[in-house]
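Below are the chains, spelled out letter by letter.
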Amino acid sequence: MTYSNIASDPLLLTPGPLTTSVSVKRAMLHDLGSRDKTFIDLTERIRLRLTSIAQVEDTHVCIPLQGSGTFVVEAMMSTLLAEADKILILANGAYGQRIVKICARHGINHEVLEWPENEPVDPVQVSLHLSENESITHVVVVHCETTTGIINPLQEIADVVAISGRLLLIDSMSAFGAIPLGLASDKFTAVAASSNKCLQGLPGVGFCIVSKSAIQNAQGNSKSLVLDLHDQWKGFELNKQWRFTPPTHVLLGFDQALNEFDAEGGINARHKRYNENCKVLVDGMRSMGFETLLPDAVQAPIIVTFLMPADPNFAFEKFYDELADRGYVIYPGKLTVAETFRMGCIGDLNASQISAAVDCVREVIELMHVKSGAPS
Ligand SMILES: *Cc1c(COP(=O)(O)O)cnc(C)c1O
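Given the structure is predicted, the values throughout are model-derived calculations rather than measurements. (Residues numbered from 1 in each chain as written. Predicted model: local features only at pLDDT ≥ 70, side-chain atom pairs only at ≥ 80, totals over all residues. Heavy atoms only, no water.)

## Notes on the sheet that holds strand S3 (residues 87-91)
Pairing in this open sheet of seven strands is mixed, and the strands run S2-S10-S9-S8-S5-S3-S4 from one edge to the other. Each having just a single partner strand, strand S2 (60-66) and strand S4 (110-114) make up the two edges of the open sheet. The sheet shows a mean angle of 20 degrees between the axes of neighbouring strands, direction not considered. Where helix H8 (residues 229-239) meets the sheet, its contacts fall on S2 and strand S10 (205-211), and the angle it forms with S2 comes to roughly 105 degrees. (Pairing = 2+ DSSP bridges. Helix = DSSP H or I, 4+ residues; strand = E, 2+ residues; numbered from the N terminus. Axes fitted to C-alpha atoms, helices over the stretch in contact; angles between N-to-C directions. Contact = heavy atoms within 4.5 Å.)

## Here we look at the pairing of S3
Each regular strand displays side chains that alternate between the two surfaces of the sheet. Burial runs high along S3: five of the five residues are buried. Neither face of S3 is left uncovered, since the one carrying Ile87, Ile89 and Ala91 and the one carrying Leu88 and Leu90 both have all their residues buried. Of the pairings in the sheet, the one linking S3 to S4 comprises five bridges and is parallel in character. From the neighbouring strand, isoleucine 89 faces S4, where its bridge partner is valine 112. In this region the chain leaves S3, passes through helix H4 (residues 94-106) and returns to the parallel neighbour S4; the handedness of that crossover is right-handed. (Buried < 20%, exposed > 50% of the residue type's maximum accessible area, 1.4 Å probe, protein only. Right-handed = clockwise from strand over helix to strand, strands pointing away.)

## Notes on the sheet that holds strand S11 (residues 303-307)
Note: strands within a sheet are paired through backbone hydrogen bonds, in either parallel or antiparallel orientation. Pairing within the open sheet is antiparallel, and its three strands lie in the order S11-S14-S13. Two strands bound the open sheet, and with one partner strand each, they are S11 and strand S13 (331-332). Bridge count for S13 against strand S14 (residues 340-344) is two bridges, and the pairing is antiparallel. When the sheet's bridge partners are listed, proline 332 is paired in S14 with phenylalanine 341. On top of the sheet, helix H10 (residues 266-286) reaches S11 and S14; it is set at about 10 degrees to S11, its chief contact.

## Topic: the site of the ligand
Surveying the vicinity of the ligand reveals the residues Ser68, Gly69, Thr70, Tyr95, Arg98, Val142, Cys144, Thr146, Asp171, Met173, Ser174 and Lys197. Threonine 70 places a polar side-chain atom, nitrogen or oxygen, 2.5 Å from an oxygen atom of the ligand. At 2.7 Å from an oxygen atom of the ligand is found a side-chain nitrogen or oxygen belonging to lysine 197. If the ligand stood free it would expose 380 Å²; the protein chains cover 86% of that surface. Listing elements by their share of the shell around the ligand, those giving two or more residues are helix H3 (69-80) and H4. Here the shell around the ligand is built from residues that sort into four nonpolar, five polar and three charged. (Near = heavy atom within 4 Å. Polar contact = N/O pair within 3.5 Å; in protein donor to acceptor, adjacent residues only side chain to side chain. Areas by Shrake-Rupley, 256 points an atom, 1.4 Å probe, with all protein chains shown as cover. Nonpolar A, V, L, I, M, F, W, Y, C, P; charged D, E, K, R; others polar.)

## Things to note about the side chain of aspartate 255
Relative to the assigned elements, aspartate 255 resides in helix H9 (residues 248-264). A residue is classified by how much of its surface remains accessible, and aspartate 255, at 9% relative accessible area, is buried. Contact partners of aspartate 255, with chain neighbours within four places excluded, come to Leu42, Arg45, Ile46 and Arg49.

## Overview of a positive patch on the surface
Together, Arg98, Lys101, Arg105 and Lys334 give the surface a local cluster of positive charge. With respect to the secondary-structure elements, lysine 101 resides in helix H4. (Patch = residues over 30% accessible without salt bridge, like charges linked within 9 Å, V, L, I, M, F, W, Y side chains within 5 Å. Salt bridge = Lys/Arg side-chain N within 4 Å of Asp/Glu carboxyl O. Lys, Arg positive; Asp, Glu negative; His and termini not counted. Charge placed at Lys NZ, Arg CZ, Asp CG, Glu CD.)

## A few points about the pairing of strand S9 (residues 190-194)
Within S9, five of the five residues are buried, which leaves the element mostly enclosed by the surrounding structure. Of the two faces of S9, the one lined by Ala190, Ala192 and Ser194 and the one lined by Val191 and Ala193 are each fully buried. In this structure, strand S8 (residues 167-171) lies alongside S9, joined through three bridges in parallel fashion. In the strand pairing of S9, isoleucine 170 is matched with valine 191. The pairing of S9 with S10 spans five bridges and is antiparallel. Its bridge partner being in S10, serine 194 is matched across the sheet by glycine 206.

Right, here's the structure in full:
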């Protein structure tokens with residue numbers, strides 16, 4: 001394979017990295033010095049644009065961090081929880097479980113409330129648990145659980161957390177930029193996300209939007225040097241610079257991706273396009289007998305989980321390879337409740353491209369002599 005022709009890249013129907021526009025990729029074609037004014041201004045601009053997307057410019061700061069999304073989730077946890085704190089982790093999928101792992105590694109006091117992967121977090125149970133467990137100081141929730149594509153009821157969760165006087169941390173990695181948080185600035189302490197999901201930038205940088213009071217109080221919490229968001233923030237405060245080599249090209253691409261986010265019409269327009277993508281995908285797949293794991297009411301327009309067809313002629317690997325040969329990359333499932341695969345609706349993709357992907361699915365299952373996508 002050669003990489004000479006961008007137009008022949010496959011379309012990525014995955015949870016990330018995603019298909020990006022040619023102009024975002026092109027924006028990377030510059031070498032910037034990390035101590036140069038152009039780059040310092042670029043960093044400042046991106047930080048401000050991100051707090052403004054969350055509508056918390058006055059109360060929160062944006063702290064970007066090198067690495068993939070998990071780096072910034074781990075940084076958020078290790079920085080914002082002090083030794084005396086205890087966090088309640090609301091888990092209904094693999095990303096919630098990853099936060100449990102992070103807490104165990106860092107020796108962060110935690111408790112876990114779990115739901116099956118195909119059920120949203122229940123705010124009533126959260127409220128009850130908080131009222132019965134005085135020692136809990138923080139709660140963390142995954143906004144859209146990418147494991148299944150389920151949307152958790154963030155506003156309701158934030159309400160019960162606020163009423164009980166606890167602080168809320170959010171992993172909105174796969175929703176930020178497409179599904180509004182819908183929270184007033186006093187309803188959450190921090191939210192983590194990354195460049196390469198709904199904001200349609202390149203992978204390589206995450207960010208945490210943290211309330212000013214929380215970050216000011218977080219000195220000395222993190223046992224990691226590179227993941228210490230307080231130190232990272234102090235660096236930006238001091239001279240607007242990154243502590244360690246920044247991913248300059250990724251940030252150039254990110255700034256362009258944010259230009260395109262604005263040009264599209266911001267979060268509402270992006271939500272609308274992803275909704276259309278999701279509808280075309282789900283309707284098309286259902287017309288072949290495929291079934292979604294989730295009912296439509298809790299399905300986020302981010303990534304859709306389909307149940308594995310029962311037809312004995314269906315073999316996932318063959319299905320995956322044939323689709324990849326036709327230019328569409330899908331994603332395996334990682335569920336414990338059922339055999340599944342996933343198809344994403346985010347990235348620089350529109351409804352007609354999704355429709356073409358659905359046509360390819362039809363072609364491939366016919367070629368495999370699969371009569372219906374129906375599960376057992
Ligand atoms: C993508 C994602 C992450 C981060 O994953 P990385 O592979 O480290 O980028 C974290 N949480 C959720 C909900 C995600 O979708």
